[in-house]
Amino acid sequence: MKGAPAEQKTSSAAPPLRLVVVLVVVVWISILHYQFPVLAGGRVVPLVAGGRSDSADPCRGRYIYVHDLPPRFNADILRDCRKTKDHWPDMCGFVSNAGLGRPLADPLDKVFTGKNGWYGTHQFALDAIFHNRMKQYGCLTNESSLADAVFVPFYAGFDFVRYHWGYDNATKDAASVDLTQWLMGRPEWKRAGGRDHFLVAGRTGWDFRRSTNIDPNWGTDLLVMPGGREMSVLVLESSLVHDREYSVPYPTYFHPRSDAEVRRWQDRVRGLERRWLMAFVGAPRPDNPKNIRERIMAQCESTDDCAQLGCALGSSQCHSPYKIMRLFQTATFCLQPPGDSYTRRSVFDSMVAGCIPVFFHRMSAYLQYKWYLPEDHAKYSVFITEEEVRTGNVSIEAALREIPPERVERMREEVIRLIPTVLYADPRSKLETVRDAFDIAVEGIIGKVAGARRGGAAAVHPIDTMLATDNHNLSPWQGLGSRRRK
């Protein structure tokens, strides 16, 4: 009986002890819930109260929420790849391997092979490449309220190809209208009216602004319609009529899987012998009298120090990655006049080969790729005006020979330094310290989205005042051909 009081005392103390344990568990669960709500790149990223990351969080200011779009806006478009066989015969091959296309198999020296990161990538395949890279991005979040930007993985460029030829404008716009209505009905859209959203449209900006084009039947109106005009967009060439349209490099044939592959390639092109002073890859534009390509080709043919690949209609030379890259690797300067539009994929292919680009129009690079190329254009390129070539007042060869050899070496080294920034790494791998075109685009667009959130309606570029008075400058070649050529 003496032990009864002690037993009674222990029994009365037990409930408070259990309560303490329960409270401790609840507190820890709450801490874990509020501190670790975001999965980024397969890892848990801690966030402080209020949804913003602390100073030690490497993803602070870099979180991206990706819309889980219905497959009709991306995967189903790729499954329709055979629908484009009349105008893009091998689209199914080009969209394989996460958008990189088929791996190359170099028949000569085994340099350009899939094993080494080389693929037959199409210049308009960026929609799929970027989306697949985004899946590997290290700062993804499943909570849109925590995101610094919202990515819309709509394959606008591939959608353009499906219905561009032989369809009415309503059919061309159908997927874009469907997308914008879907987006505007989502709670993620309402937070900032779409100003925090961005997408990739892997063609020129003009291809998505039909109602402002010279040709009223060219392209879709995605970037003009409600829901499209509020978003920021990454394009291969900006129309420079909207503050939310930003240029990113064309895809090249090289997609490294590691930092080491990038460094090996840079070392290789640094040590190459350049037997040609200058080179040109491209076709003439006889249907456009203002285009200077024929004059450039004539100057190239008149000297023994210029090499070129003829790309006349029906020629396969310009579609051979091996021939293109071998030529660029053996030239000091690569001539880059405008073609169907101001910009060219060839610019980036040649830079990957360590060839110094020669531009003839400021819209070909200087006004486009400001996130990627040095503001001091003379550090990596040469500029000769179109008018000088058109009037015959300049010899391109003579102008290039006037550049001192030591300056040429500095320019080439700058081009080689820029190589990682103008290529897209293999989406199925991940670079460690090297920043590629995707990394720079994401960093740039997050900064622009933050500005758009604060600024409300998009502004017009200062250059618009100049361009709006000159239709030739606005859209000189849009709609002239049935397809984009080299």
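A brief structural summary.

Let us look at the state of the cysteines. The final tally for this structure, using the stated rule, is four disulfides. The side chain of C300 participates in a disulfide bridge whose partner is C306; the two sulfur atoms lie 1.8 Å from each other. Residues C300 and C306 share a disulfide whose torsion about the S-S bond is about -95 degrees; that sign makes it left-handed. C306 shares its class with C300; the two are buried. Paired by a disulfide, C334 and C355 hold their sulfur atoms 2.1 Å apart. Disulfide C334 to C355: torsion about the S-S bond roughly 110 degrees, handedness right-handed. Placement of the pair is C334 in strand β10 (residues 331-336) and C355 in the loop between α11 (345-352) and β11 (356-359), with a sequence separation of 21 residues. In this structure, C334 and C355 share a single accessibility class: buried.

Glancing now at helix α10 (residues 321-329). Judged by how many residues are buried, α10 sits mostly within the fold: seven of nine residues are covered. All of the buried residues along α10 are P321, Y322, I324, M325, L327, F328 and Q329. Where the residues of α10 are buried, they touch α8 (259-270), β8 (276-282), β9 (306-310), β10 and α11.

Moving on, we come to the pattern of salt bridges. Side-chain pairs of opposite charge can arise where the charged atoms are in close proximity. Under the criterion given, the structure shown has 27 salt bridges. Between D221 and R210 there is a salt bridge, with the nearest N and O atoms lying 3.8 Å from each other. Here R210 lies in the loop between β5 (197-204) and β6 (232-237) and D221 lies in the loop between β5 and β6, a separation of eleven residues in the sequence. The buried category is assigned to R210, whose relative accessible area is 8%.

This brings us to the sheet that holds strand β3 (residues 64-66). Strand pairing in a sheet relies on backbone hydrogen bonds, with the paired strands running either antiparallel or parallel. Judged by pairing direction, the sheet is parallel, and its five strands sit side by side in the order β3-β4-β5-β6-β7 without closing on themselves. Of all strands in the sheet, those bounded by a partner on one side alone are β3 and β7 (245-247). Shown here is a sheet whose adjacent strand axes are inclined to one another by a mean of 30 degrees, direction ignored. Pairing of β5 with β6 involves five bridges; the strand directions are parallel. Bridged to L199 within β6 is V233. Relative to β5, helix α4 (residues 126-134) is tilted by about 145 degrees, and along the sheet it contacts β3, β4 (149-152), β5 and β6.

Thresholds, definitions, all that
- Residues numbered from 1 in each chain as written.
- Predicted model: local features only at pLDDT ≥ 70, side-chain atom pairs only at ≥ 80, totals over all residues.
- Heavy atoms only, no water.
- Disulfide = S-S within 2.5 Å.
- Buried < 20%, exposed > 50% of the residue type's maximum accessible area, 1.4 Å probe, protein only.
- Helix = DSSP H or I, 4+ residues; strand = E, 2+ residues; numbered from the N terminus.
- Contact = heavy atoms within 4.5 Å.
- Salt bridge = Lys/Arg side-chain N within 4 Å of Asp/Glu carboxyl O.
- Pairing = 2+ DSSP bridges.
- Axes fitted to C-alpha atoms, helices over the stretch in contact; angles between N-to-C directions.

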